[in-house]
Amino acid sequence: QGSKEMTAPVRVARKMELIQESITLKIHSAAQDLRAKGLDIANLTAGEPDFAVPDAVKEAAIEAVRANRSRYTPAAGIPELREAVARKTNDQQPRGGRWAFSDVIVSNGGKQALFNAMLALLDPGDEVLIPSPYWLSYPDMVKLAGGIPKFIWAPAAQGFKITPAQLKAAIGPKVKLLILNSPCNPTGAVYTEAEFAALGEVLLAPEASHICVLSDEIYDRIILGKTPFCSFLKGAPALKDRTVTVNGLSKSAAMTGWRIGWSVACAPITRAILTIQGQSTSGINSLAQWASLAALALPEAMFQHHIESYRNRRDLALEFLEKLSKIEVSSPEGAFYLFIGIGKYLREGEDSVAFAERILEEANVAVVPGSPFGDPESIRLSFSGDERSLMEGCRRIASYLQG
């Protein structure tokens, strides 16, 4: 017998010890596996609209195929789409000067736009302020970019929104970036123009002059309450040169799989983002870009049915859940999630991750635990999917917790 050569195990980069797998994708995958085994799972995890992409968008993609518009595009995106994004952003940010197409980088969804901005702005050890609860990918993105996440707790009692006093108290010499998300995933909170203006005043103080803002506005169209959407720079236009606005079409136009996002920022930041994208993905799918140009040309009335449906689904879900006396739930002003306090239903030693696993196994409902969003005593339900699954999922949750 010949001797067997022993090889050392492969060691991945140490930074991988700092981050974790997306719990949303993990539980969504577990729910899909159970469905494949024949179980009837009400899956309320994924934040993906169930509406069809508008016909005009489909036709634009088909026409792009026929016209052989399938070659490499500039790394920043086709000029026509960047110009359309600049116009949209100028409409939402009417003060502080106009954006040009050269200020726009089209990316592989809003997620890449966020990551590009962090890579462009953060040095190792820089601190990043993140209002909590937060979208679960922010902290891990910050860590991958070499930064250190610092959280500002914004409980339901204050509408899940940070106050100027909290922001002022969190500012320090190592803070480089503040991440804002309105409408917010997971809470549905929507900041007003006055609230953004007040936060902007804090950032204009001399001790905060080194801090940039990353404003995630991916849910801009999905407004369910009385508070209208407000872009951060509409409320704080004086911070234009220190702000990166991120947006896209995944949520607002139900174009999740097309992977269209973008960033809008001043020239120095945009040049840095372009360098990063040019050395990583380069230009994104050319056909999706031409389709997105058509999407941005559609009137708002084309999407009102989406908004009304989300609002109706939200209200139906609340009817079920508000009957549970020990649950804590508030009506979201935007996006398509319910962020629910279930602390009084937790068993001894249990957190929201264990609760989500239990309710999946025992009630056949898939929800996302609040722990990765910064709240170990909450869960997130998405009402972006079909109404039948939503109603059945809420009925099962209510029946299970009342049993």
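In this text, all values refer to a predicted model and were calculated from it rather than measured experimentally. (Residues numbered from 1 in each chain as written. Predicted model: local features only at pLDDT ≥ 70, side-chain atom pairs only at ≥ 80, totals over all residues. Heavy atoms only, no water.)

1. Structural notes on the side chain of Ser250
Move 1: As for its position among the elements, Ser250 is in the loop between strand S7 (243-248) and strand S8 (260-264).
Move 2: Among the polar contacts made by the side chain of Ser250, one reaches the side chain of Arg259 at a distance of 3.5 Å.
Move 3: Setting aside anything within four residues of it in sequence, one finds Ser250 in contact with Pro49, Met255, Thr256, Arg259 and Ile260. (Helix = DSSP H or I, 4+ residues; strand = E, 2+ residues; numbered from the N terminus. Polar contact = N/O pair within 3.5 Å; in protein donor to acceptor, adjacent residues only side chain to side chain. Contact = heavy atoms within 4.5 Å.)

2. A short note on the packing of helix H2 (residues 55-66) against helix H10 (residues 286-296)
Move 1: Orientation of H2 relative to H10, taken along the N-to-C sense of each, is 140 degrees, at an axis distance of 8 Å. Our pair here, H2 against H10, has a crossing hand that is right-handed. In this structure, H2 uses Ala56, Val57, Ala60, Ala61, Ala64 and Val65 to contact H10, whose residues at the interface are Leu287, Trp290, Ala291, Ala294 and Ala295.
Move 2: Here the contact of H2 with H10 is built from residues that sort into 11 nonpolar, no polar and no charged. (Axes fitted to C-alpha atoms, helices over the stretch in contact; angles between N-to-C directions. Left-handed = near helix turned anticlockwise from the far one by under 90°. Nonpolar A, V, L, I, M, F, W, Y, C, P; charged D, E, K, R; others polar.)

3. Re the layout of surface pockets
Move 1: Looking at the largest pocket, its volume works out to about 640 Å³.
Move 2: For the largest pocket, the lining is made up of 27 residues, of which Gly47, Lys111, Trp135, Tyr219 and Lys251 are closest to its centre.
Move 3: Put simply, the parts of the chain that give the lining of the largest pocket at least two residues each are helix H1 (23-36), helix H4 (109-121) and helix H5 (137-144). (1 Å grid on protein atoms, 1.4 Å probe; cavity = no way out; pocket = protein on both sides within 12 Å on 5 of 7 lines; lining within 4 Å. Points joined across faces, edges and corners; volume = space filled by probe spheres on them.)

4. Some points on empty space enclosed by the protein
Move 1: Enumeration over the complete set of coordinates arrives at three cavities of 30 Å³ or more.
Move 2: Estimated volume of the largest cavity: approximately 110 Å³.
Move 3: Mapped by element, the contributors of at least two residues to the lining of the largest cavity are strand S3 (127-132) and strand S5 (175-181).
Move 4: Of the residues in the lining of the largest cavity, the class split is 12 nonpolar, two polar and no charged.

5. Considerations on the sheet that holds strand S2 (residues 104-108)
Remark on secondary structure: sheet strands pair via backbone hydrogen bonds, oriented parallel or antiparallel.
Move 1: Spatially, S2-S8-S7-S6-S5-S3-S4 is the arrangement adopted by the seven strands of the open sheet, whose pairing is mixed. The sheet terminates laterally at S2 and strand S4 (148-153), the two strands that pair on one side only. Recorded for the sheet is a direction-independent mean angle of 25 degrees between the axes of neighbouring strands.
Move 2: Relative to S8, S7 is paired through four bridges, and the arrangement is antiparallel. Bridging across to S8, Thr245 finds its partner in Val264.
Move 3: Here H4 sits on the sheet and contacts S2, S5, strand S6 (212-216), S7 and S8; the angle it forms with S2, its principal contact strand, is near 120 degrees. (Pairing = 2+ DSSP bridges.)

Fair warning: the whole summary comes from geometry, so function is off the table for now.
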